[in-house]
Amino acid sequence: MIHTNLKKKFSCCVLVFLLFAIICVWKEKKKGSYYDSLKLQTKEIQGLKSLGKLAMRSDSQSVSSSSTQDPHRGSQTLGSFRGPAKAKPEASFQVWNKDSSSKNLIPRLQKIWRNYLNMNKYRVSYKGPGPGVKFSAEALLCHLRDHVNVSMVEATDFPFNTSEWEGYLPKESIKTKAGPWGRCAVVSSAGSLKSSQLGREIDDHDAVLRFNGAPTANFQQDVGTKTTIRLMNSQLVTTERRFLTDSLYNEGILIVWDPSVYHSDIPKWYQNPDYNFFNNYKSYRKLHPNQPFYILKPQMPWELWDILQEISPEEIQPNPPSSGMLVTCAVGALGGSFPWNR
């Protein structure tokens, strides 16, 4: 009986081993066919290249033979052959298509886009004009000036006028601290600036605006050293451990912004912020009482979003605008020319 059980176990082990071996052989064959196809493609490409070289040689031979028959005609032909080769433009790639829309997305991405619209985390209920309202560049700037109020939370705003907040907010208005500027540089946090050698050009501007924790140390040649305004989101102020200790946050004017429910006033936003950054804000102000540090009013991002929706050709995501959009609008309101972006 024991001998029979051992035979069964041995047979099972052999079957499992054979199955494993078959799977391994199948995978190797699959790899082999893949590499064979790659080799075939490589050979085809090499063949096309060789055909191209042969064609060029035959063209040059025909040109040389024609020049032998008729020297004057040959020089003209050779000149016309070489001329376009030097003037041939490099291949260009279109980065942005002004006619792009959600209709160009594949069905899976269209579904994701609709899901984002339906989530509506900030309870957006836009009832303004558009989408698709047309403005000239000058008219749009005036429209932004008239409808977007770039202002900071003040000590007279409830609940910042209570004893709990006494002495924390800056006494001086940001408009007396910032601007007017002639030329402004908005420096992105993208790695594409590395090795750009734009540091000196950036610092030559009247004002330099940066975002969140974008560093300048060790990158001065590429991003410059000047910081006039640093706009930070509330997530950084709340969760970044180095925020209270890093000297990066001790230069220029600091502004923090936090997303609110669509067009909610300050008291409603204060009760339910996206990130509760208030304690860290107070801690920073205790450590650096002379550092200008402002809180952007929660209504401003949505005033800007309304205009973006008004001029957009279709519905946009019901989320607050990016920091880049906010700071660009803020610069115009504070008296600077609308900046270029690196």
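Predicted, not measured: the structure shown is a model, and the values here were computed from it. (Residues numbered from 1 in each chain as written. Predicted model: local features only at pLDDT ≥ 70, side-chain atom pairs only at ≥ 80, totals over all residues. Heavy atoms only, no water.)

J.: I'd love a proper account of the overall build of the protein, names of residues and values included.
T.: If you tally the helices and strands in the protein, you get 12 helices and 6 strands. Counting all 342 residues of the protein, 31% fall into the buried class. Surface accessibility of the protein: about 22,700 Å² in total, with carbon and sulfur atoms responsible for 56%. (Helix = DSSP H or I, 4+ residues; strand = E, 2+ residues; numbered from the N terminus. Buried < 20%, exposed > 50% of the residue type's maximum accessible area, 1.4 Å probe, protein only. Areas by Shrake-Rupley, 256 points an atom, 1.4 Å probe, with all protein chains shown as cover.)

J.: Account for the environment of Y122, naming residues and giving values.
T.: By secondary structure assignment, the location of Y122 is in the loop between α3 (107-119) and α4 (137-147). Given a relative accessible area of 10%, Y122 falls into the buried group. For the pair Y122 and P259, spaced 137 residues apart in the sequence, the C-alpha separation amounts to 8.3 Å. In this structure, Y122 is in contact with P259, S260, V261, Y262, D274, W302, P318, N319 and P320, ignoring residues within four places of it in sequence. (Contact = heavy atoms within 4.5 Å.)

J.: How would you sum up the environment of I311? Please name residues and give values.
T.: Along the chain, I311 falls in helix α11 (residues 299-311). C-alpha of I311 to C-alpha of G132: the two residues are 179 residues apart in sequence and 4.9 Å apart in space. Among all residues touching I311, those that are not within four sequence positions of it are G132, V133, F135 and L140.

J.: Break down the packing of α4 against α11 for me, with residues and values.
T.: It is at 10 Å that the axes of α4 and α11 come closest, and there the two elements cross at 145°. Like other packed secondary-structure pairs, α4 and α11 cross with a definite hand, here right-handed. Listed contacts from α11 to L140, H143, L144 and H147 of α4 are E303, L304, I307, E310 and I311. Of the residues that constitute the contact of α4 with α11, the class distribution is 5 nonpolar, 2 polar and 2 charged. (Axes fitted to C-alpha atoms, helices over the stretch in contact; angles between N-to-C directions. Left-handed = near helix turned anticlockwise from the far one by under 90°. Nonpolar A, V, L, I, M, F, W, Y, C, P; charged D, E, K, R; others polar.)

J.: An account of the nonpolar core is needed here, citing residue identities and associated values.
T.: Counting 27 residues, the largest nonpolar core has V148, L209 and I255 as the members making the most contacts within it. Among the elements of the structure, β1 (184-186), β2 (207-211), β3 (229-233), β4 (253-257), α11 and α12 (323-333) are those that each provide at least two residues to this core. Here this core takes 5 residues from α12, the largest share from any one element. Excluding residues that lie within four positions of it along the chain, I255 makes contacts with M152, I174, I229, R230, L231, M232, F293, Y294 and L296. Within the second largest apolar cluster, 22 residues are counted, among which are L169, I266, W269 and Y284. (Core = buried A, V, L, I, M, F, W, Y, C linked by side-chain atoms within 4.5 Å.)

J.: I'd like to hear about the side chain of D157, residue by residue, with values.
T.: Considering the arrangement of structural elements, one finds D157 in the loop between α4 and α5 (174-177). A polar contact of 2.8 Å, which involves the side chain of D157, links it to the backbone nitrogen of E154. Setting aside residues no more than four positions away along its own chain, D157 makes contact with M152, I266 and K297. (Polar contact = N/O pair within 3.5 Å; in protein donor to acceptor, adjacent residues only side chain to side chain.)

J.: Which residues make up the pattern of salt bridges, and what values go with them?
T.: In total, this model carries 7 salt bridges according to the counting rule given. Note that K282 is salt-bridged to E164, the shortest N-O span being 3.4 Å. Note that K282 is positioned in helix α10 (residues 278-287) and E164 in the loop between α4 and α5, a separation of 118 residues in sequence. E164 sits in the partly exposed class, given a relative accessible area of 48%. Here the salt bridges do not stand alone but share partners, grouping E240, R242 and D246 into one network. (Salt bridge = Lys/Arg side-chain N within 4 Å of Asp/Glu carboxyl O.)

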